[in-house]
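Coordinates in review
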Amino acid sequence: MTGNSQRKYRADYRPPIYLIDTVDLDFDIRDGVIRVTARHSVRRNPQVIGEGDRWWLDGRELRLLSIAVDDEPVADAALEITATGLWLDGLPDRFTLTVVTEIDPERNLSLEGLYRSGTILCTQCEATGFSRITYFPDRPDVMSRYTTRVEADAARYPVLLSNGNCIESGEADHGRHYAVYDDPFAKPCYLFALVAGDLGVIRDTFTTASGRAVALRVYTKHGNEDQCHHAMASLKDAMAWDEATYGLEYDLDSFVIVAVGSFNMGAMENKSLNIFNTACIFAHQNTATDGDFARVRDVVAHEYFHNYTGNRVTCRDWFQLSLKEGLTVYREHQFAIDHGSPGVTRIEQVRMIRDVQFPEDAGPRAHPVRPESYVEMNNFYTITVYEKGAELIRMMARMAGRDAFTTAVKHYLDKHDGQAVTIDDFVAAVEESTGLDLAQFRHWYGFAGTPRLRVVSRYDDGRLTLEMAQATPATPGQKSKPNFDIPVSVALFDDAGRVVREPEIVRLDKQRDTFVFEALDQAPTVSVLRGLTAPVRLEFDQNEAALVRLMAHDSDPVSRWDAAQSLYMATLKVAVSAHRNAGPMPELGAGVIEAIATLVADPPEDRALLAEMLSLPSATQIGEAFEAIDVAAVEAGRRHVKRRIAVRFETELWALVDAHAPRGDYVFDRDAAGRRRVFATALDYLAGLNTPAIRERAREVFERADNMTDRMAALNALQDLPGEDRDAVRAAFAHRFADYPLVMDKWLRLTAATEDGDAVARVRDLLGDARFDFTNPNRVRALIGGFVRGNPLAFHREDGAGYRLVADEILRLDSLNPQLAAALAGLLAPWRRYAEPYASGMRDALARIGAAELSDNTREIVEAGLGEAA
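First, a word on scope: everything that follows refers to the structure included in this document. The shown structure was predicted, so the numbers you read here are calculated from the model rather than taken from an experiment.

**Quick notes on the sheet that holds strand E14 (residues 165-171)**
With respect to topology, 8 strands assemble into an open sheet ordered E6-E5-E9-E3-E2-E12-E15-E14, the strand pairing being mixed. With one partner strand each, in any of the chains shown, strand E6 (72-73) and E14 form the two edges of the open sheet.

As structure tokens, this is what we get:
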């Protein structure tokens, strides 16, 4: 780490010594350099007493030209400059601070602060990117009103944008022009934004509930405007939904989105000027799948919802990140459920928790939703903070009731408008509004790990007894865990699938408890933890007959899907174990056969749910079911079961392909997307048979497709079927979409995930290709991420070549883009979860990275991976 690296602790929080009421910024954009003049109105914080008059300002890779207090240059004796900021001494209680710096966006490959993405100048200031623009207390509890003036060459940068309303614009000398923006709402510096470039635009208007007209614009590189209309429609849907659901009306005259190609994150909610990765804005049927359309819809909504839950009320410090992100992800989830297939949308959310968050909570970087310490904050934009944080919000909403919880959110926003607050402030507001006692519930925010919920069912003479117990494994730094307050949804069904007890919530708030249901005519089938009412691992032994019954009749789509997953998992575990022990591979059990036969004979009305219920658990879920992950055995077991299903149900799968084949013009809605999902699922199963008929059908689908979803279904079906058909469609795909970077990212993923041949050598060749942009996070994630996640047998090659490839790229990236390098290092960190020889190979690669001089970002991840086990 750098010599100035320090671990920050939540317990060490101190309020800022000085507050900044107003910030006036002037950006003078010239070739190769930007001069930034920052003028701040500063006053001592009246709540801080006895802290002296020494003030720290963050600043990185800045050229300081001048610094003055009340227009008088700061004396050398009162100024101490370091690599990460500066100290000012001897300051008065009130003063004006003027700082002039120069920055070079061309050399800024970290994609933090102000940088260049293609021909566009743009910013990314969360979490601490503003310190790459000027010297400033880069912390979220310093909230100020901003006025920003931007001046640049009018021909090269005809579009000049910043936060708030444009209050002035005009011509300047020598072919230049300027624009001045005023943001009337106080905000932390991480929400500052600036964009300058030659951009295309689409425009629209939204009329608020009170009758105000809000001007909407989406900017992008010229030629990409036709890919932005879905994003614009999604923005309007989000604005209307937030008014209808929470009564929250947009508060400025305009809302602007800018799509850029180089961006470390998905998007950024800067006040009134959202900056997006193109991957989260572009959606056209020719270039984007149904999944892409849904992601654009949901990310646009997420960033818009931050206008209140994140911007108007923000977090006091970065340990409180889930205050804004957990709540806003929950709101995004609500919006997605209301605008798609409710059951399948929730299934996708549950899968995210189980496939990504649960392993994170069981790995070397397990941390609470509200972390206690960090070295580099960018490492804590995690699935735990976001998605588990949203699940905690969801639990409170379930316990309170949706309407009561919506009222509680409004109370929280009214109470803390314009403030930087904490998670405890939010929970307290929920208690005040709903009357809930959440004292024990707060443990969810302070402790890492996934609780295990053990359920035992006993029936005797009309009485059902459910014995529930909880236990949470140790995690790094937290050996012992308290009892959590766990809401558990329970419903009971009879042998015919009829409801005999309506769903209700019971709360397990001690280590073990018993819940009794009386007056039952027969032993019921129990549906428990319906919809995943808490982020816990359920341990509940149910027989095949009960699972088949739930899969066919449960009124909760998530529970139906869960029953199917449990049925499949039982066979998958036997298959994985058989491969590990060189034993005979199993046939499909009678329960699996009956369940699938019933499903295809009487499918749910929601076709997307049919596709989900036909799909096997992921390789991640299978691996997590074992003490140590044997990659080869997991892959072999999953392929075996998938092939046995294809063989047994070949006729039914072909019928699904024919019944759900592409027809009519493309439209993105629930029914059409569900049809395409069933088609792709059935096609994928049949591909495992590797017959001439399936090759021919896949190629025909590709050639006739009028949309990217069906095209990708064909490409995925041919993925592991080497030969003329696959080569022809891949070549045609690459040729047709060579000028569409996001589509070529799909091609990179497919190429990296192809198992035949030497995948490691193929990926190295692509990395060395002059056309591959190593500085673009989307390209790197597509190729390296596609290799690691899409080709586990190659990544986990026993000779360690896959690990060495990833380690090489981490070391090459770290000095350029530490955020991206750290994210890739996280792929190697959980080596202890793997069987040999995988564990040793991953550990050795991680140790080789750790021996190099690294950024704080990557060093923190590597040291967590190499540290002591929990």
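**Description of the nonpolar core**
Among the nonpolar cores identified, the biggest contains 281 residues, and Met-468 and Phe-787 are the most heavily contacted of them. When residues of this core are assigned to their parent elements, the largest contribution, 10 residues, is made by helix H10 (residues 557-580). With near-sequence residues (within four places) excluded, Phe-787 lies in contact with Ala-752, Ala-759, Val-760, Val-763, Pro-792, Ala-794, Phe-795, Gly-802, Leu-805 and Val-806.

**Regarding empty space enclosed by the protein**
Counted under the stated rule, the structure contains 3 cavities of 30 Å³ or more. Empty space within the largest cavity amounts to approximately 40 Å³. Contributing elements (two or more residues each) for the lining of the largest cavity: helix H11 (590-601) and helix H15 (650-659).

**Some words on the pairing of strand E8 (residues 85-88)**
Direction of pairing for strand E4 (residues 55-58) relative to E8: antiparallel, over a ladder of 4 bridges. Residue Asp-58 lies in a different strand from E8, and its bridge partner there is Gly-85. Counting the residues that bridge the hairpin from strand E7 (residues 79-82) to E8 gives 2 residues.

**Focus: the packing of helix H17 (residues 692-704) against helix H18 (residues 708-717)**
Between H17 and H18, whose axes approach to 8 Å, the crossing angle comes to 150 degrees. Looking at the two axes, H17 sits roughly antiparallel to H18. The two elements H17 and H18 meet at a crossing, and its hand is left-handed. In this structure, H17 contributes Ala-698, Val-701 and Phe-702 to the contact, and H18 contributes Asp-710, Arg-711, Ala-714, Leu-715 and Ala-717.

**A few points about helix H12 (residues 607-614)**
With 7 of 8 residues buried, H12 lies mostly within the body of the structure. Among the structural elements, helix H4 (342-361), helix H9 (544-553), H10, H11, H15 and helix H16 (670-687) are those in contact with the buried residues of H12.

**Describing the sheet that holds strand E16 (residues 194-197)**
Pairing is antiparallel in the open sheet, where 4 strands are placed in the order E10-E11-E16-E13. Each of the sheet's edge strands pairs with one partner strand only, and the pair in question is strand E10 (113-117) and strand E13 (159-162). Between one strand axis and the next, the sheet turns by 15 degrees as a mean value, whatever way the strands run. Direction of pairing for strand E11 (residues 120-124) relative to E16: antiparallel, over a ladder of 2 bridges. In the strand pairing of E16, Cys-122 is matched with Val-195.

**Points about the environment of Gly-531**
By secondary structure assignment, the location of Gly-531 is in the loop between strand E30 (525-528) and strand E31 (537-539). Here Gly-531 falls in the buried class, since its relative accessible area comes to 6%. Taking C-alpha positions, Gly-531 is 7.9 Å from Ser-489, a pair spaced 42 residues apart along the chain. Setting aside residues up to four positions removed in sequence, Gly-531 forms contacts with Arg-346, Val-350, Arg-394, Asp-556, Val-558 and Ser-559.

**Points about the environment of Ala-420**
The topology assignment puts Ala-420 in strand E24 (residues 420-421). Judged by relative accessible area, Ala-420 falls into the partly exposed class, the value being 22%. In this structure the C-alpha to C-alpha distance between Ala-420 and Lys-187, which are 233 residues apart in sequence, comes to 9.1 Å. Dropping the residues within four chain positions of it, Ala-420 is found in contact with Pro-140, Asp-141, Met-143, Thr-314, Cys-315 and Arg-316.

**Considering the packing of aromatic side chains**
Two aromatic rings, taken as a pair, are described by how far apart their centres are and by the angle between their planes. For the coordinates displayed, the defined rule picks out 32 aromatic pairs. Judged by centre distance (6.0 Å) and plane angle (80 degrees), the ring pair of Trp-55 and Phe-95 falls under edge-to-face. Taken together, the positions of Trp-55 in strand E4 and Phe-95 in strand E9 (residues 94-103) put the pair 40 residues apart, joining distant regions of the chain. Look at Trp-55 and you get buried, because its relative accessible area is 4%. Phe-95 gets classed as buried once you look at its relative accessible area, which sits at 4%. Here the aromatic cluster, defined as three or more aromatic residues joined through ring pairs, consists of Trp-241, Tyr-246, Tyr-250, Phe-255, Tyr-304, Phe-305 and Phe-335. Above the plane of the ring of Trp-831 lies Arg-843, whose end atom (NZ or CZ) is 5.3 Å from the centre.

**Structural notes on the side chain of Thr-754**
Assignment of secondary structure puts Thr-754 in the loop between helix H20 (741-753) and helix H21 (759-768). Residue Thr-754 is classed as buried on the basis of its relative accessible area of 2%. Not counting residues up to four positions away in its chain, the partners in contact with Thr-754 are Gln-719, Asp-720, Arg-726, Arg-730, Ala-759, Arg-762 and Asn-791.

**Things to note about the pairing of E14**
A regular strand places its side chains so that they alternate between the two faces of the sheet. With 6 bridges joining them, E14 and strand E15 (residues 176-188) adopt antiparallel strand pairing. Counterpart to Glu-171 in the pairing with E15 is His-177.

**A word on unusual backbone geometry**
The residue after Glu-126, namely Ala-127, is reached through a cis peptide bond having omega 5 degrees. Counting through the fold element by element, Ala-127 comes out in the loop between E11 and strand E12 (143-153). Put simply, Glu-836 and Pro-837 share a cis peptide bond, and its omega is 5 degrees. Position of Pro-837 among the secondary structure elements: in the loop between helix H25 (818-825) and helix H26 (838-850). Phi is positive for Asp-71, close to 65 degrees, though the residue is something other than glycine. Of note in this structure, Asp-461 is not a glycine but carries a positive phi near 50 degrees. In this fold, Asp-461 is placed in the loop between strand E25 (452-460) and strand E26 (463-471).

**A look at the environment of Pro-837**
For Pro-837, a relative accessible area of 33% gives the class partly exposed. Remark: the alpha-carbon pair of Pro-837 and Pro-535, spanning 302 residues in sequence, is separated by 32 Å.

**Topic: the packing of H10 against H12**
Following both chains from N to C, one finds H10 and H12 inclined at 25 degrees, their axes separated by 8 Å at the closest point. By the angle between their directions, the pair H10 and H12 is classed as roughly parallel. As H10 packs across H12, the resulting crossing turns out to be right-handed. Here Pro-557, Arg-560, Trp-561, Ala-564, Gln-565 and Tyr-568 of H10 lie close against H12, whose contacting residues are Leu-609, Glu-612, Met-613 and Leu-614. For the contact of H10 with H12, a count of residues per class yields 7 nonpolar, 1 polar and 2 charged.

**Observations concerning the pattern of salt bridges**
Summed over the entire model, instances satisfying the criterion amount to 78 salt bridges. Its salt-bridge partner being Arg-639, residue Glu-755 comes within 2.2 Å of it at the nearest N-O pair. Separated by 116 residues along the polypeptide, Glu-755 in the loop between H20 and H21 and Arg-639 in helix H14 (residues 631-648) bring together distant segments of the chain. Residue Glu-755 is classed as partly exposed on the basis of its relative accessible area, which comes to 24%. Overall, the relative accessible area of 36% leaves Arg-639 in the partly exposed class. Three or more residues are tied together by salt bridges with common partners; here these are Asp-26, Asp-28, Arg-30, Arg-149, Glu-151 and Arg-176.

**With respect to H4**
For H4, with 20 residues, the first-to-last C-alpha span of 27 Å sits near the 28 Å given by 1.5 Å per residue. Where H4 bends most, the angle comes to about 30 degrees, and this point is Arg-354. Burial analysis of H4 places 14 of its 20 residues in the buried class, the great majority of the element.

Criteria and cut-off values
- Residues numbered from 1 in each chain as written.
- Predicted model: local features only at pLDDT ≥ 70, side-chain atom pairs only at ≥ 80, totals over all residues.
- Heavy atoms only, no water.
- Pairing = 2+ DSSP bridges.
- Helix = DSSP H or I, 4+ residues; strand = E, 2+ residues; numbered from the N terminus.
- Core = buried A, V, L, I, M, F, W, Y, C linked by side-chain atoms within 4.5 Å.
- Buried < 20%, exposed > 50% of the residue type's maximum accessible area, 1.4 Å probe, protein only.
- Contact = heavy atoms within 4.5 Å.
- 1 Å grid on protein atoms, 1.4 Å probe; cavity = no way out; pocket = protein on both sides within 12 Å on 5 of 7 lines; lining within 4 Å.
- Points joined across faces, edges and corners; volume = space filled by probe spheres on them.
- Axes fitted to C-alpha atoms, helices over the stretch in contact; angles between N-to-C directions.
- Parallel < 35°, antiparallel > 145°, perpendicular 65-115°, else oblique.
- Left-handed = near helix turned anticlockwise from the far one by under 90°.
- Phe/Tyr/Trp six-rings, centres within 6.5 Å; stacked < 30°, edge-to-face > 60°.
- Lys NZ or Arg CZ within 6 Å of the ring centre and 35° of its normal.
- Nonpolar A, V, L, I, M, F, W, Y, C, P; charged D, E, K, R; others polar.
- Salt bridge = Lys/Arg side-chain N within 4 Å of Asp/Glu carboxyl O.
- Expected span 1.5 Å × (residues − 1).
- Bend = angle between axes of the 7 residues up to and from the residue.

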